[in-house]
Amino acid sequence: MPHVQLKLFAGRTDEQKQKIADLLAKAVMEGAGCSEKAVSVAIEEFSPEEWPEKVYRPDILESEDKLFKKPGYNPFDKA
């Protein structure tokens with residue numbers, strides 16, 4: 001029973017979020033070899049100001065061992 005939790009910047013329409021959820025579900029079904037009824041997708045939105053502390057730090061920096069696709073940015077780098 002795959003469940004996908006997607007976190008992204010706020011501002012997309014419900015139609016855009018539904019399209020994203022449908023595409024994610026399709027990819028999960030293909031990759032995991034499961035049926036559509038087994039897949040669920042949740043979308044949580046954040047402001048750009050919230051992102052570093054509410055998403056990047058806990059879900060990326062502190063969970064690197066769980067990441068299979070790492071981002072190419074770090075909001076804490078001041079380069």
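Residues numbered from 1 in each chain as written. Predicted model: local features only at pLDDT ≥ 70, side-chain atom pairs only at ≥ 80, totals over all residues. Heavy atoms only, no water.

Q: Can you help me understand the overall build of the chain in this one?
A: A tally of regular secondary structure across the chain gives two helices and two strands. Counting from the amino terminus, the chain carries its helices and strands in the arrangement β-α-β-α. Each of the 79 residues in the chain was classed as buried or not, and the buried ones make up 19%. Taking the contacts inside the chain whose residues are at least 6 apart along the sequence as the reference set, 56% of them involve residues at least 24 apart. Of the roughly 6,100 Å² of accessible surface on the chain, 53% is carried by carbon and sulfur atoms. A gap of 3 Å separates the mean positions of the 12 positive and 15 negative side-chain charges of the chain. (Helix = DSSP H or I, 4+ residues; strand = E, 2+ residues; numbered from the N terminus. Buried < 20%, exposed > 50% of the residue type's maximum accessible area, 1.4 Å probe, protein only. Contact = heavy atoms within 4.5 Å. Areas by Shrake-Rupley, 256 points an atom, 1.4 Å probe, with all protein chains shown as cover. Lys, Arg positive; Asp, Glu negative; His and termini not counted. Charge placed at Lys NZ, Arg CZ, Asp CG, Glu CD.)

Q: I keep staring at the side chain of K17 and nothing clicks. Help me out?
A: In this fold, K17 is placed in helix α1 (residues 14–32). A relative accessible area of 17% places K17 in the buried class. If sequence neighbours within four positions are ignored, K17 has contacts with R12, I43 and E45.

Q: In this structure, what is going on with helix α2 (residues 51–60)? I would like to understand it.
A: Helical periodicity: at 3.6 residues per turn, an α-helix aligns residues three or four positions apart in one direction. If you check which residues of α2 are buried, you get W51, P52, V55, Y56 and I60. The buried residues of α2 occupy one face: seen down the axis, they fall within an arc of 115°. (Arc of directions from axis to C-beta.)

Q: Can you help me understand the nonpolar core in this one?
A: Membership of the largest hydrophobic core is limited to five residues, which are F46, W51, V55, Y56 and I60. Of all the elements, α2 adds the most residues to this core, at four residues. Here Y56 is in contact with W51, L61, P71, Y73, N74, P75 and F76, once residues within four sequence places are set aside. (Core = buried A, V, L, I, M, F, W, Y, C linked by side-chain atoms within 4.5 Å.)

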